[in-house]
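Secondary and tertiary structure notes
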Amino acid sequence: MNVSEIFLSIQGEGRTAGVVSVFVRLAGCDLRCAWCDTEYALDIKPAQSLTVEEIINRVETYPSRQVVVTGGEPLIAPELPMLLQELKKRDKYITLETNATRYHPIVCDLVNISPKLANSTPRQGPYAQFAETHEKNRLNIEAIKSFIINYDYQLKFVVESERDLSEIDAILKELPGVDRDRVMLMPQARTKQQYRKRGPEIARLCVEKGYRYSPRLQIELWSRRRGK
Ligand code: SF4
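Residues numbered from 1 in each chain as written. Predicted model: local features only at pLDDT ≥ 70, side-chain atom pairs only at ≥ 80, totals over all residues. Heavy atoms only, no water.

1. Notes on the site of the ligand
Inspection of the region around the ligand gives C29, L31, R32, C33, W35, C36, T38, L42, G72, N99 and K116 as its neighbouring residues. In this structure the site holding the ligand corresponds to the largest cavity. Taken together, the residues of the shell around the ligand break down into 6 nonpolar, 3 polar and 2 charged. (Near = heavy atom within 4 Å. 1 Å grid on protein atoms, 1.4 Å probe; cavity = no way out; pocket = protein on both sides within 12 Å on 5 of 7 lines; lining within 4 Å. Sits in = over half its atoms within 2 Å of the grid points. Nonpolar A, V, L, I, M, F, W, Y, C, P; charged D, E, K, R; others polar.)

2. Side note on the pattern of salt bridges
For the structure shown, the criterion picks out 23 salt bridges. A salt bridge links E13 to K156, with the shortest nitrogen-to-oxygen separation between them at 2.6 Å. Residue E13 is found in the loop between β1 (2–10) and β2 (20–26), and its partner K156 is found in strand β7 (residues 153–159); the two are separated by 143 residues along the sequence. R212 serves as the salt-bridge partner of D181, at 3.4 Å between the closest nitrogen and oxygen. With D181 in the loop between α5 (165–173) and β8 (183–187) and R212 in strand β9 (residues 212–213), this residue pair connects regions lying 31 residues apart in the sequence. (Salt bridge = Lys/Arg side-chain N within 4 Å of Asp/Glu carboxyl O. Helix = DSSP H or I, 4+ residues; strand = E, 2+ residues; numbered from the N terminus.)

Read these as layout, nothing more, since geometry by itself doesn't imply function.
Below, the structure is given as structure tokens:
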């Protein structure tokens, strides 16, 4: 499998924020978000090629039961189902982080579904050439529905401002009975300064709308340092 990094850290986002976890970051992604904070994992060229067994051996060198499989976009890896099965055999609590542009049945305890809003489309900058395909592929309502029906989940949106809320409302209308407590708004921020500036505004929107606020501890604590 194409692996960008494996490391022990603290989950920075979602309802398990703060929990010590082993991160398995797979390389490769089908999207190119304008504000992606893991650009180094988008391409498979710099990745290490490891077998499922080698990944499991590395994971087992860490004491944590919690394993976060992330990316890039993990679901594009054909060996992902096997990796998750092997982790489950070792009684790991698995969180899968996905942009949900596709659905495959997999073994997992919590799916962190993170559909990308229009604010993610790279209209300018280094990924501008991908804007059209990104816009076409970023939302797959049927895939999101399948995850919601079949798994314990949280639905996390990266939000820049109040303008994003109408798009979130429209997405939720297409989904089956999503409890607002499972819907999380997370500030779009690549730096500590951006996070601190935007965080209070996003928290205010959560209070008004009854959504849950997701922190971004990896930015707050380590400013996007790799392996953290
Ligand atoms: S889906 Fe995630 S990994 Fe892929 S480009 Fe967007 S933020 Fe980056």
